[in-house]
Protein chains: 6
Amino acid sequence: MRLKIINPNTTTSMTVKIGKYARAVTGPDVTVDATSPRQGPVAIESHVDAALAVPGVLEEIASGEAAGYDGYVIACFGDPGLKPARELARGPVVGIAEAAMRTAAYLGRGFSVVTTLSRTVGHAWDLADQYGVARQCLGIHACEIAVLDLETDSRARATVLQACKQALAKDGSDAIVLGCAGMADLCHDLSAELGVSVVDGVAAATVAVEGLVRMHLTTGKLNELAFPSR
Amino acid sequence: MRLKIINPNTTTSMTVKIGKYARAVTGPDVTVDATSPRQGPVAIESHVDAALAVPGVLEEIASGEAAGYDGYVIACFGDPGLKPARELARGPVVGIAEAAMRTAAYLGRGFSVVTTLSRTVGHAWDLADQYGVARQCLGIHACEIAVLDLETDSRARATVLQACKQALAKDGSDAIVLGCAGMADLCHDLSAELGVSVVDGVAAATVAVEGLVRMHLTTGKLNELAFPSR
Amino acid sequence: MRLKIINPNTTTSMTVKIGKYARAVTGPDVTVDATSPRQGPVAIESHVDAALAVPGVLEEIASGEAAGYDGYVIACFGDPGLKPARELARGPVVGIAEAAMRTAAYLGRGFSVVTTLSRTVGHAWDLADQYGVARQCLGIHACEIAVLDLETDSRARATVLQACKQALAKDGSDAIVLGCAGMADLCHDLSAELGVSVVDGVAAATVAVEGLVRMHLTTGKLNELAFPSR
Amino acid sequence: MRLKIINPNTTTSMTVKIGKYARAVTGPDVTVDATSPRQGPVAIESHVDAALAVPGVLEEIASGEAAGYDGYVIACFGDPGLKPARELARGPVVGIAEAAMRTAAYLGRGFSVVTTLSRTVGHAWDLADQYGVARQCLGIHACEIAVLDLETDSRARATVLQACKQALAKDGSDAIVLGCAGMADLCHDLSAELGVSVVDGVAAATVAVEGLVRMHLTTGKLNELAFPSR
Amino acid sequence: MRLKIINPNTTTSMTVKIGKYARAVTGPDVTVDATSPRQGPVAIESHVDAALAVPGVLEEIASGEAAGYDGYVIACFGDPGLKPARELARGPVVGIAEAAMRTAAYLGRGFSVVTTLSRTVGHAWDLADQYGVARQCLGIHACEIAVLDLETDSRARATVLQACKQALAKDGSDAIVLGCAGMADLCHDLSAELGVSVVDGVAAATVAVEGLVRMHLTTGKLNELAFPSR
Amino acid sequence: MRLKIINPNTTTSMTVKIGKYARAVTGPDVTVDATSPRQGPVAIESHVDAALAVPGVLEEIASGEAAGYDGYVIACFGDPGLKPARELARGPVVGIAEAAMRTAAYLGRGFSVVTTLSRTVGHAWDLADQYGVARQCLGIHACEIAVLDLETDSRARATVLQACKQALAKDGSDAIVLGCAGMADLCHDLSAELGVSVVDGVAAATVAVEGLVRMHLTTGKLNELAFPSR
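Calculation notes
Residues numbered from 1 in each chain as written. Chains lettered and ligands numbered in written order. Predicted model: local features only at pLDDT ≥ 70, side-chain atom pairs only at ≥ 80, totals over all residues. Heavy atoms only, no water. Helix = DSSP H or I, 4+ residues; strand = E, 2+ residues; numbered from the N terminus. Rg over C-alpha atoms; globule rule 2.2 N^0.38 Å. Contact = heavy atoms within 4.5 Å. Areas by Shrake-Rupley, 256 points an atom, 1.4 Å probe, with all protein chains shown as cover. Lys, Arg positive; Asp, Glu negative; His and termini not counted. Charge placed at Lys NZ, Arg CZ, Asp CG, Glu CD. Domains from an automatic or database assignment. Buried area = accessible area lost by both parts, 1.4 Å probe. Salt bridge = Lys/Arg side-chain N within 4 Å of Asp/Glu carboxyl O. Nonpolar A, V, L, I, M, F, W, Y, C, P; charged D, E, K, R; others polar. Least-squares fit on C-alpha atoms with pLDDT ≥ 70 in both. Pairing = 2+ DSSP bridges. Axes fitted to C-alpha atoms, helices over the stretch in contact; angles between N-to-C directions. Polar contact = N/O pair within 3.5 Å; in protein donor to acceptor, adjacent residues only side chain to side chain. Phe/Tyr/Trp six-rings, centres within 6.5 Å; stacked < 30°, edge-to-face > 60°. Buried < 20%, exposed > 50% of the residue type's maximum accessible area, 1.4 Å probe, protein only. Lys NZ or Arg CZ within 6 Å of the ring centre and 35° of its normal. pLDDT = per-residue confidence, 0-100. Parallel < 35°, antiparallel > 145°, perpendicular 65-115°, else oblique. Left-handed = near helix turned anticlockwise from the far one by under 90°. Right-handed = clockwise from strand over helix to strand, strands pointing away.

### Some remarks on the overall build of chain A
Phase 1 of the analysis: Within chain A, the regular secondary structure consists of nine helices and eight strands.
Phase 2 of the analysis: Computed over its C-alpha atoms, the radius of gyration of chain A comes to 16 Å, within 12% of the 17 Å expected for a compact globule of 230 residues.
Phase 3 of the analysis: Based on the C-alpha atoms only, the size of chain A along its principal axes is roughly 50 × 35 × 35 Å.
Phase 4 of the analysis: For chain A, the proportion of contacts with a sequence separation of at least 24, taken over those separated by at least 6, is 70%.
Phase 5 of the analysis: For chain A, the accessible area works out to roughly 7,500 Å², and carbon and sulfur atoms hold 54% of it.
Phase 6 of the analysis: Looking at charge distribution, chain A has the averaged site of its 20 positive side-chain charges lying 2 Å from that of its 25 negative ones.

In structure tokens:
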């Protein structure tokens, strides 16, 4: 089984990190390749960023189809390009927000999302609503660290931890969802310190798409998500 | 007052038509310019089409800002790029699906949408839901005419009329919403033949954005739709 | 085009103010007449007030029909009598709560309403729900000034300003909706002081009904809102 | 205990019938008086009818308060004037649509409403939504008999029975709700013929208000439904 | 008329209290018998408790059917076993959470629930949602007194009173719903001290089932709640 | 990793089948044990059946905890006992309805459920609602084959196939969800014949719980699903 994990931004260090944490949860018979578009925004922190990243994501899907991948992950918490990617691909495509929130829904009555900048919170609520987990999503909390600062700001880890603690206390939630692919490396430590399950979307989406491929389940091609005619 | 009407596809004959029907509803002091992106899909009939049209729409917004336009219409019933366009523009931006459905909501308990291909129906329902008119939207009906065939297929007008009649009968609705900018020229005749109000989104959005500009109302810039930092 | 703006209460000074602010947003070819019922409550601050105002509103519609008006605004934020008025009139009828909230929905993710007395807040939520903007309505805040005190209480303007500031901070909203026709004269100043769009329902409804008339759109007469048989 | 059952229309024969069926379900210690307004519409079949009936309903509440009644029923399936009546009365006020639908909700997964004219169906859905029973309300079916024809049309009973049978078959419902106070006399026979519970709102509301009085429960007066200040 | 009130837990002192407060609201021609299962949990404070109580509740229904009871109340605020009980019984079955919340919905815009332990709050919200009163339920507040401590803890009454006061202030509600059958004896005093209606589910459900029996209304047996085939 | 798959009914042949199809989708390092309660109903086709099966399911969880299992599947499409099971277990517990519906939600806009008897359809809708997939669930269709007849009725396979075809045509769905653990053996053939993904809940839940264990994610124990105190 070959899975392609697409980092929609062009920051290579994030792509490497994403690949590492995807590989950590797959079975021994699964090959995971992590890539990012040739061009596009270096991080996705606005609707404009997301819109400009999508053509590159779709190019990665198209080249993945040519190379015969079995499934795809879109590794940005806004799930940019998820629907058009599903149109283009034969195999399943899973977004990390979608997978993280659906996975967290198995863990109790509700979860809290801890994300980067407050201007992305509205879109995350829209996704929760589209994915049917708005009731389980008890709060979405911005820690006001920009995506790329997660890698360079020495206080990032402590700030995220603090935001998680506040989220658990305020929301009375049963799990934390990390609202950025760039937080994948924090997942294990946060869980240990918080005493509650912490869901990283990169892992959750990789596990989900591996499961779909294993069950031979793929996007329905009879209706809205049929291959485009042009 | 200067308004820019953006046809997100690259079919110039549609752009001309859209400009004509936008100008038909504006006041004498309003200049309406209709444009389309330099490159992109010739019609928008899939999620891939919509995704690839958005960068061109955003370029049109950016050049419009440089030229000092007061407001914008995005003239495709999928409202592609509406949120990123609102981030970029100082003045108001209105989509034609949004305006058509909100306008129709003034006309009674509910409306029916008559649109092009059935693969677009799901997205139209998503928009109805986002815009808060899902309860008023009593049905969305595809007449299975492709966008560009609206201009060339001699049976298009009769087919759309038939779909409108069936929609009114099935849904018990109080108005028809036309689900494609390319149907703008059918609006007047359909209304006469059906005996019920028919809402063209191009007109509705142009009237809406003119009204917003006249009232000095514009996109909130304090939160999610602030100008992007990059 | 002739529009009739109906102030549902019998306080003439409010009727004059409403007419002034309606005229400020209409085109040069539009005649705006502002009226109020011959008898009824002097202000609408309870369900009883609203119920007793409606017969007078309907008399104004009936006399308006005899006089050949093209459209109507009901200028009280509770939109009293909107549905029966739509049954009686040939042309469109728009309520100011309806128009203000739908207009504000174009300006971002959400808006806050600032209104008069807390006992009216529940009804305003009901309207937001009926009009499909409950998700966009992020908060409804009473400033505890009675309707008629808006005109006489020298601290009214400062109190409303303070309530708007608190609403923006608490709700993270993108616009303010003024929840009383008697606040129309505060709109411009509040917007300047707050740095955010402030929507006055009198202006929004007048613009909306003018647009509907210009597009030849009117209430559906095939179903629920057909002319009454008696 | 003294209960006042208000027939909002001025057709005395209906008032007599309503009183009879209210008395049939009350305990021996309960006095039931049925009244109707001095003036107003003879039947309620439009929003205009409902609006014009409400002032008379409120006069009946006011005179009832002077006479010391313990509770009230508003016996028209549109529940006209329910909220202002609750403002005016010390004791509980119950509408027959409200009581019929809430009572039917005890009887299974869902119920069907069979009502008079199709133009009233939309309002009945609005009430189901407000009362929180929209999910349990599986269908609302008009039998196209006008309110006053229920008493004079010899085919009325058969037509209603037929509509009930179709509703049960189409909706898969567990009970029938009669959508007009004028159908109270059909309830027992319909239930026998259909083999399913048939809920008459007059009985349901009378039982409900008797129960509220017996438990010393009444409208909250701290907030929206406080006595009006004027 | 003979009604059977089933206390789903095995604490006999609670069963006695429940019977007393059920009898206090029934008519003179009604016999009320209060029982509890032969074995099962002594109190219901977790999903496990509820699950293990249900078989005993169903045995009580079965023996009640053999004895010819006309209707049943399930007297635990989680309404354990309500649906299977409705399958087994010919006559109506009402749960106290269901009845308390539906009854409180007659009293104004919204109510607050005051209950025992915070771990039960989620289930109470689920019930509010299922019964269609989620919008009217403005808050559910745990006072952190275990069920059996209500009878023995001398501070219980003061703690519940304090929680009610806080709930009214925070939620702006029109009534209080007591979230445990073991609070039935507090209802009258709380109402007097709070100046607002306080709904005890034991009373509300008993009144509701008596009313259903009086109107000859019972569970629909055509569909989901038909008698089980085994 | 050791997983315990609990068949809530006592029909051993189904337990064997469930174990076989669970093992078919797990990794080589996973041990799958399938069990069923010592006593309880032979099939679950009513609320009474479900209620009486739960104590046995909880005994299986308790013995599983003593034996050190890492996770559990409850293999009946009604997900009986899911919440109390989560209270008792340290590791994750997944129901097959929950997993099947959440998994199908990855495959397109919507899915159809094909299940056994029509009296179970209402409960399946309730689950779709609780799990947040009511919008994606486009239809639930009973094929009127009892659970145990799936194994013995030679026409069962053809009847289920026919129901799937009708569901796809009527709902316009992108995938089929099989609404009974006893249909697990039909999944592969149905998918081949229908040309669309068919989701078997046994496989979906087993994959889901394996993924949760692999990611070290488990039920939140801070709130509602904490271990019971008794």
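There's plenty left to go through after this.
### With respect to the domain arrangement of chain A
Many analyses report the size of an interface as the accessible area lost when the parts associate.
Residue and element names in this part refer to chain A.
Phase 1 of the analysis: Domain assignment breaks chain A into domain 1 (2-95 + 204-214) and domain 2 (97-201).
Phase 2 of the analysis: Contacts between domain 1 and domain 2 engage 22 residues on the former and 29 residues on the latter.
Phase 3 of the analysis: At the boundary of domain 1 with domain 2, total buried surface from both sides reaches about 2,000 Å², with 59% on carbon and sulfur atoms.
Phase 4 of the analysis: Put simply, domain 1 and domain 2 have three salt bridges between them.
Phase 5 of the analysis: For R86, the salt bridge identified is with E98, shortest N-O distance 3.0 Å.
Phase 6 of the analysis: Secondary structure elements with two or more residues in the side of domain 1 that touches domain 2: α1 (12-23), α3 (82-88), β4 (93-95) and α9 (201-214).
Phase 7 of the analysis: At five residues, the largest contribution of residues to the side of domain 1 that touches domain 2 is made by α1.
Phase 8 of the analysis: Residues that form the side of domain 1 that touches domain 2 fall into these classes: 12 nonpolar, six polar and four charged.

### What to know about the relation of the copies chain A and chain F
Phase 1 of the analysis: You can overlay chain A on chain F at an RMSD of 0.0 Å; the transform is a turn of 180° with a shift of 0.0 Å along its axis. Those values place the two copies in the arrangement expected of a two-fold rotation axis. No C-alpha of chain A approaches the rotation axis more nearly than that of G132 of chain A, which lies at 2.1 Å.
Phase 2 of the analysis: Residue by residue, 100% of the interface of chain A is reproduced at the interface of chain F, so both copies engage with the same surface.

### A few points about unusual backbone geometry
Phase 1 of the analysis: Positive phi values are uncommon outside glycine, yet H216 of chain E reaches one of about 60°.
Phase 2 of the analysis: With respect to the helices and strands, the residue H216 of chain E is situated in the segment after α9 (201-214).

### Observations regarding the sheet that holds strand β7 (residues 175-178) of chain E
Residue and element names in this part refer to chain E.
Phase 1 of the analysis: A sheet is described by the order of its strands in space; here four strands give the open sequence β6-β5-β7-β8, paired in parallel fashion. Two strands lie at the open edges of the sheet, namely β6 (137-142) and β8 (197-200), each paired on one side alone. Sheet twist, expressed as the average angle between the axes of neighbouring strands with direction ignored, equals 25°.
Phase 2 of the analysis: Bridge count for strand β5 (residues 111-115) against β7 is four bridges, and the pairing is parallel. Paired with V114 across the strands is L178, a residue of β7.
Phase 3 of the analysis: The strands touched by helix α5 (residues 121-130) within the sheet are β5 and β6, with β6 carrying the most contacts at an inclination of about 160°.

### Regarding the interface of chain A and chain F
Phase 1 of the analysis: The partner chain F presents 46 residues to the 46 residues of chain A that form the contact.
Phase 2 of the analysis: Here chain A and chain F share an interface that buries about 3,700 Å² over both sides, 52% of which is from carbon and sulfur atoms.
Phase 3 of the analysis: Contact with chain F buries area across many residues of chain A, yet R102, Y106 and R214 of chain A alone supply 20% of it, more than any other trio.
Phase 4 of the analysis: Taken together, the links from chain A to chain F amount to six salt bridges.
Phase 5 of the analysis: Summed over the shared surface of chain A and chain F, the result is 22 residue pairs in polar contact (both at pLDDT 80 or more).
Phase 6 of the analysis: Of all the secondary-structure elements, those providing two or more residues to the side of chain A that touches chain F are α3, α4 (96-104), α5 (121-130), β8 (197-200) and α9 of chain A.
Phase 7 of the analysis: Counting residues per element, the side of chain A that touches chain F draws most heavily on α9 of chain A, at eight residues.
Phase 8 of the analysis: By residue class, the composition of the side of chain A that touches chain F is 19 nonpolar, 16 polar and 11 charged.

### Notes on the environment of I96 of chain C
Residues and elements named next belong to chain C.
Phase 1 of the analysis: If you trace the backbone, I96 turns up in helix α4 (residues 96-104).
Phase 2 of the analysis: Considering only alpha carbons, one finds I96 and F111, 15 residues apart in sequence, at a separation of 15 Å.
Phase 3 of the analysis: Not counting residues within four places of it along the chain, the set of residues in contact with I96 comprises V73, I74, A75, C76, F77, D79, A181, G201, V202 and A205.

### Regarding the packing of aromatic side chains
Phase 1 of the analysis: All chains considered together, the criterion is met by six aromatic pairs over all chains.
Phase 2 of the analysis: Summarising the aromatic geometry, the rings of Y69 of chain B and Y72 of chain B are spaced 6.3 Å apart at their centres and angled 55° between planes, so their arrangement reads as tilted.
Phase 3 of the analysis: Among the residues examined, Y69 of chain B registers a relative accessible area of 11% and is labelled buried.
Phase 4 of the analysis: In this structure, R2 of chain C packs its charged tip against the face of Y69 of chain C, placed 4.3 Å from the ring centre.

### As for the pattern of salt bridges
Phase 1 of the analysis: On inspection of all chains with the given rule, the structure shows 108 salt bridges over all chains.
Phase 2 of the analysis: Between R135 of chain A and D129 of chain E there is a salt bridge, and its shortest N-O distance comes to 3.5 Å. With R135 of chain A in the loop between α5 and β6 (137-142) and D129 of chain E in helix α5, this pair bridges two chains.
Phase 3 of the analysis: For the salt bridge of E151 of chain E with K17 of chain E, the shortest nitrogen-to-oxygen distance reads 3.1 Å. With a gap of 134 residues between them, E151 of chain E in helix α6 (residues 149-152) and K17 of chain E in helix α1 (residues 12-23) connect regions that are remote in the sequence.
Phase 4 of the analysis: Judged by relative accessible area, K17 of chain E falls into the buried class, the value being 12%.
Phase 5 of the analysis: One salt-bridge network, in which partners are shared between bridges, spans K83 and E224 of chain A, D126 of chain B together with R109 of chain F.

### Focus: the confidence of the model for chain A
Phase 1 of the analysis: Of the residues in chain A, 100% have a pLDDT of 70 or more, and the chain-wide mean is 96.
Phase 2 of the analysis: As a predicted assembly, this complex carries a pTM of 0.96 together with an ipTM value of 0.96.

### Digging into the packing of helix α7 (residues 156-171) of chain A against helix α8 (residues 187-194) of chain A
All names here are of chain A.
Phase 1 of the analysis: The N-to-C vectors of α7 and α8 enclose an angle of 45°; their axes lie 11 Å apart at closest approach. Looking at the two axes, α7 sits oblique to α8. At the point where α7 passes α8, the crossing takes the right-handed sense. Along the contact surface, α7 presents R157, V160, L161, C164, K165 and L168, while α8 presents D189, L190, E193 and L194.

### So, the side chain of T26 of chain E
Phase 1 of the analysis: Relative to the assigned elements, T26 of chain E resides in the loop between α1 and β2 (31-35).
Phase 2 of the analysis: Within the structure, the side chain of T26 of chain E is placed 3.1 Å from the backbone oxygen of R23 of chain E, a separation counted as a polar contact.
Phase 3 of the analysis: The residues touching T26 of chain E, leaving out its near neighbours within four places in the chain, are R214 of chain D together with L3, V32, T206 and E210 of chain E.

### Focus on the pairing of β6 of chain E
Residues and elements named next belong to chain E.
Phase 1 of the analysis: Relative to β6, β5 is paired through five bridges, and the arrangement is parallel. Bridge pairing in β6 links V113 to I140.
Phase 2 of the analysis: Assessed by its sense of winding, the connection that carries the chain from β5 through α5 to β6 is right-handed.

### Structural notes on the environment of T103 of chain A
Phase 1 of the analysis: Inspection of the secondary structure puts T103 of chain A in helix α4.
Phase 2 of the analysis: Sequence separation of T103 of chain A and V177 of chain A is 74 residues, and the distance between their C-alpha atoms is 9.2 Å.
Phase 3 of the analysis: Contact partners of T103 of chain A, with chain neighbours within four places excluded, come to V199 and A204 of chain A together with L212, M215 and L217 of chain F.

### A closer look at helix α4 (residues 96-104) of chain E
Phase 1 of the analysis: The buried fraction of α4 of chain E is high, at nine of nine residues.
Phase 2 of the analysis: Residues of α4 of chain E that are buried include every one of I96, A97, E98, A99, A100, M101, R102, T103 and A104 of chain E, and no others.

### Some thoughts on the environment of R109 of chain B
Phase 1 of the analysis: Relative to the helices and strands, R109 of chain B resides in the loop between α4 (96-104) and β5 (111-115).
Phase 2 of the analysis: A relative accessible area of 28% places R109 of chain B in the partly exposed class.
Phase 3 of the analysis: Between the alpha carbons of R109 of chain B and A175 of chain B there is a distance of 9.2 Å; along the sequence they are 66 residues apart.
Phase 4 of the analysis: Once residues within four sequence positions are removed from consideration, R109 of chain B is found in contact with Q136 and D174 of chain B, K83, E224 and L225 of chain C together with G122, H123 and D126 of chain D.
Phase 5 of the analysis: Here G122 of chain D takes part through its backbone oxygen, which lies 3.2 Å from a polar atom of the side chain of R109 of chain B.

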